[in-house]
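Geometric and topological summary
The lines below spell out each chain.
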Amino acid sequence: MKRIDEPYAADERTMLNAWLDWHRATVFLKCEGLSDELAQRSLIPSSPLMTVAGLVSHLRWVELSWFEHDMLGGPVLPPWTADDPDKEFKVSGVPLAQLLEEYEQQCARSSEIAASLDLDAEAVIESKRGRVTLRWLLLHMIEETARHNGHLDLLREMLDGTTGD
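All figures in this text were calculated on a predicted structure; none of them were measured in a lab.

A word on the overall build of the protein
- Regarding its fold elements, the protein presents five helices and zero strands.
- For the protein, the N- to C-terminal ordering of α and β elements is α-α-α-α-α.
- Computed over its C-alpha atoms, the radius of gyration of the protein comes to 16 Å, within 12% of the 15 Å expected for a compact globule of 165 residues.
- If you line up the protein on its principal axes, its C-alpha atoms span 45 × 45 × 25 Å.
- In the protein, buried positions account for 43% of the 165 residues.
- Restricting to contacts in the protein with at least 6 residues of sequence separation, those with at least 24 account for 73%.
- If you sum the accessible surface of the protein, you get close to 8700 Å²; carbon and sulfur atoms cover 53% of it.
- The protein carries 16 positive and 29 negative side-chain charges, and their two centres are separated by 2 Å.

Put into structure tokens, the structure is as follows:
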């Protein structure tokens, strides 16, 4: 996924999509050249599931859950359960390239869904926050992806010293 600079002036939908795509593409930059071994390495004692690989998996499942399940009402067979609510972070042995491919495919699907709906379209499934609109969801996904890019920044620097972008 190639990162394209967002426009400085555009309509609301274009800006929302551009910023989300920019943050999605940043995930790929943060992972570029990282070995599977390092992508799986846990560095934070209080958050042992926070690995580069785990974050990529989490972002993929968040995209699927919000866009396909909540917005469209489609079935979701997420890895998490009531007994293991963080299971999507547990991807030991799954190659980073596979996780990134799955994330890229899900981002493409999420973008298709977003393009098919009006910004004021309400989610079919009511979340714990109530019934959200596509506008809210796009803003939330920008925030969610940007926050995890910050985590990826820190993890990458701690893993191999890579900084920037």
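What about the packing of aromatic side chains?
- As enumerated under the stated definition, the model contains four aromatic pairs in all.
- Between Phe28 and Tyr103, the ring centres sit 5.8 Å apart and the planes meet at 20°, which makes this aromatic pair stacked. Of this pair, Phe28 sits in helix H1 (residues 12–31) while Tyr103 is found in helix H4 (residues 96–115), placing the two residues 75 residues apart along the sequence.
- Take Phe28: its relative accessible area is 12%, and that puts it in the buried class.

A few points about the confidence of the model for the protein
- The predicted model of the protein has a mean per-residue pLDDT of 94, with 100% of residues at 70 or higher.
- For the protein, helix H3 (residues 52–71) is the element with the lowest average pLDDT, namely 96, and H4 is the one with the highest, namely 98.

Details of the environment of Val62
- Positionally, Val62 belongs in helix H3.
- Distance from Val62 to Arg147, taken between C-alpha atoms, is 13 Å for residues 85 residues apart in sequence.
- The residues touching Val62, leaving out its near neighbours within four places in the chain, are Met141 and Glu144.

Re helix H5 (residues 134–160)
- The first and last C-alpha atoms of H5 sit 38 Å apart over 27 residues, in line with the 39 Å expected at 1.5 Å per residue.
- Positive backbone phi, approximately 85°, marks Gly161, located one or two places after H5.

Here we look at the pattern of salt bridges
- Applying the stated criterion to the full structure yields 13 salt bridges.
- Across the pair Lys90 and Asp84 runs a salt bridge whose closest N-O atoms are separated by 3.0 Å.
- The exposure class of Asp84 is buried, given its relative accessible area of 19%.
- One connected set of salt bridges, linked through shared partners, spans Glu12, Asp120 and Arg135.

Remarks on the side chain of Ser57
- Here Ser57 is to be found in helix H3.
- Looking at Ser57, the relative accessible area reads 5%, which means it is buried.
- Polar contacts involving the side chain of Ser57 include one to the main-chain carbonyl oxygen of Glu88, which spans 2.6 Å.

Let's talk about the side chain of Gln106
- With respect to the helices and strands, the residue Gln106 is situated in helix H4.
- Within polar-contact distance, the side chain of Gln106 engages the side chain of Glu68 at 3.0 Å.
- Once you skip the residues sitting within four places of it in the chain, Gln106 turns out to touch Arg60, Glu63, Leu64 and Glu68.

Definitions and cut-offs
- Residues numbered from 1 in each chain as written.
- Predicted model: local features only at pLDDT ≥ 70, side-chain atom pairs only at ≥ 80, totals over all residues.
- Heavy atoms only, no water.
- Helix = DSSP H or I, 4+ residues; strand = E, 2+ residues; numbered from the N terminus.
- Rg over C-alpha atoms; globule rule 2.2 N^0.38 Å.
- Buried < 20%, exposed > 50% of the residue type's maximum accessible area, 1.4 Å probe, protein only.
- Contact = heavy atoms within 4.5 Å.
- Areas by Shrake-Rupley, 256 points an atom, 1.4 Å probe, with all protein chains shown as cover.
- Lys, Arg positive; Asp, Glu negative; His and termini not counted.
- Charge placed at Lys NZ, Arg CZ, Asp CG, Glu CD.
- Phe/Tyr/Trp six-rings, centres within 6.5 Å; stacked < 30°, edge-to-face > 60°.
- pLDDT = per-residue confidence, 0-100.
- Expected span 1.5 Å × (residues − 1).
- Salt bridge = Lys/Arg side-chain N within 4 Å of Asp/Glu carboxyl O.
- Polar contact = N/O pair within 3.5 Å; in protein donor to acceptor, adjacent residues only side chain to side chain.

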